[in-house]
Amino acid sequence: MLIDTNTYLGHWAFRPLPWRDADSLLRAMDAHGIDQAFVSSASAILYRNPQAGNEELFAETRAHPDRLIPFAVINPTYADWEHDLAVCCEEFGIRGLRLYPKYHRYSLGDANGNALIEAATARGLVISVPLRVEDYRQRSWLLDIPDVTAHEVAEAARAHPKAKFLPVNGMGYLHTAFGKPGEAQGDYALEISRLTAVLQEELQKLIAAVGPDHLVFGSGMPFTVPEVPLLKLELLDLPEDAMEAIRWKNAARLIGQ
């Protein structure tokens with residue numbers, strides 16, 4: 001069993017994505033032995049109203065509830081976001097949110113960010129924060145959005161101990177609360193796609209520091225390809241129960257599956 005906690009459907013304004021709809025993403029998942037995926041709308045990141053992207057995502061994923069697990073993009077600075085969140089939960093059956101504070105001009109610790117985190121926590125949703133969407137070397141000259149730092153997400157987790165945080169596309173967790181036993185009080189998981197496994201060995205050091213129960217597999221498809229994080233799994237020398245935790249059990253626990 002393998003769960004990918006970091007995938008997207010839809011369009012990106014600055015380049016074509018190779019797998020934009022459910023059928024093509026499922027073919028890519030099958031080719032790499034991925035059974036389920038947490039998926040959100042790439043289009044919603046840049047839509048003025050991200051709810052339109054959530055509607056497109058639901059239209060794509062509703063035929064595949066056993067494999068594609070929808071995460072909504074909510075912008076807490078947009079009018080009536082609370083209504084959009086309710087629709088996503090009650091009609092679309094989402095299991096989590098993807099938050100883009102740098103793109104949507106708020107911070108995880110301000111009034112907008114706190115309100116959204118508290119609303120998501122009250123509904124039992126996973127709060128997934130991509131630290132970046134694209135590598136700087138791939139970004140359009142029209143877009144200059146800084147990364148979210150690992151420290152920002154870790155501090156939000158400390159401030160909301162009942163929340164379930166899932167930062168993705170990130171690194172640099174070792175010197176934050178996420179990398180120190182007992183400092184991040186809530187349930188959280190760190191997705192491995194950008195963690196170093198050979199030189200600095202952040203992946204192995206995190207496992208040594210906080211245990212394998214806080215790591216999950218993710219690919220970043222279709223912005224990136226899954227071969228690299230799959231290779232990182234192969235490089236780990238862990239007991240089978242720890243490998244199963246990283247491959248799928250930790251992700252399933254987060255969404256209550």
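Shown above is the structure to which this text applies.
K.L.:
So, the side chain of Arg139: which residues are in play, and what are the values?
P.N.:
Relative to the helices and strands, Arg139 resides in the loop between β5 (126-130) and α7 (150-159). A distance of 2.4 Å separates the side chain of Arg139 from the backbone oxygen of Ile145, its partner in a polar contact. Beyond its immediate chain neighbours, meaning those up to four positions away, Arg139 contacts Arg132, Glu134, Ile145, Pro146 and Asp147.

K.L.:
Please set out the sheet that holds strand β4 (residues 96-98) residue by residue, giving values where relevant.
P.N.:
Taken in spatial order, the seven strands line up as β1-β2-β3-β4-β5-β6-β7 in an open sheet, and their pairing is parallel. Whereas interior strands pair on both sides, the edge strands pair on one side only; in this sheet they are β1 (3-9) and β7 (187-188). Sheet analysis places strand β2 (residues 36-41) next to strand β3 (residues 68-73), joined by three bridges and oriented parallel. By the bridge assignment for β3, Val39 is matched with Pro70.

K.L.:
Residues and numbers for the packing of aromatic side chains, please.
P.N.:
This structure, assessed with the given rule, holds nine aromatic pairs. Here the aromatic rings of Tyr100 and Tyr103 are separated by 6.2 Å at their centres, their planes lie at 85°, and the arrangement is edge-to-face. Residue Tyr100 is classed as buried on the basis of its relative accessible area of 2%. Between Tyr173 and Phe178, the aromatic rings sit 6.0 Å apart at their centres with planes inclined by 75°, giving edge-to-face as the arrangement. Comparing Tyr173 with Phe178 shows no difference in burial state: the two are buried. Counting every residue linked through ring pairs, the aromatic cluster contains Tyr8, Trp12, Phe14, Tyr100, Tyr103 and Phe223.

Thresholds applied
Residues numbered from 1 in each chain as written. Predicted model: local features only at pLDDT ≥ 70, side-chain atom pairs only at ≥ 80, totals over all residues. Heavy atoms only, no water. Helix = DSSP H or I, 4+ residues; strand = E, 2+ residues; numbered from the N terminus. Polar contact = N/O pair within 3.5 Å; in protein donor to acceptor, adjacent residues only side chain to side chain. Contact = heavy atoms within 4.5 Å. Pairing = 2+ DSSP bridges. Phe/Tyr/Trp six-rings, centres within 6.5 Å; stacked < 30°, edge-to-face > 60°. Buried < 20%, exposed > 50% of the residue type's maximum accessible area, 1.4 Å probe, protein only.

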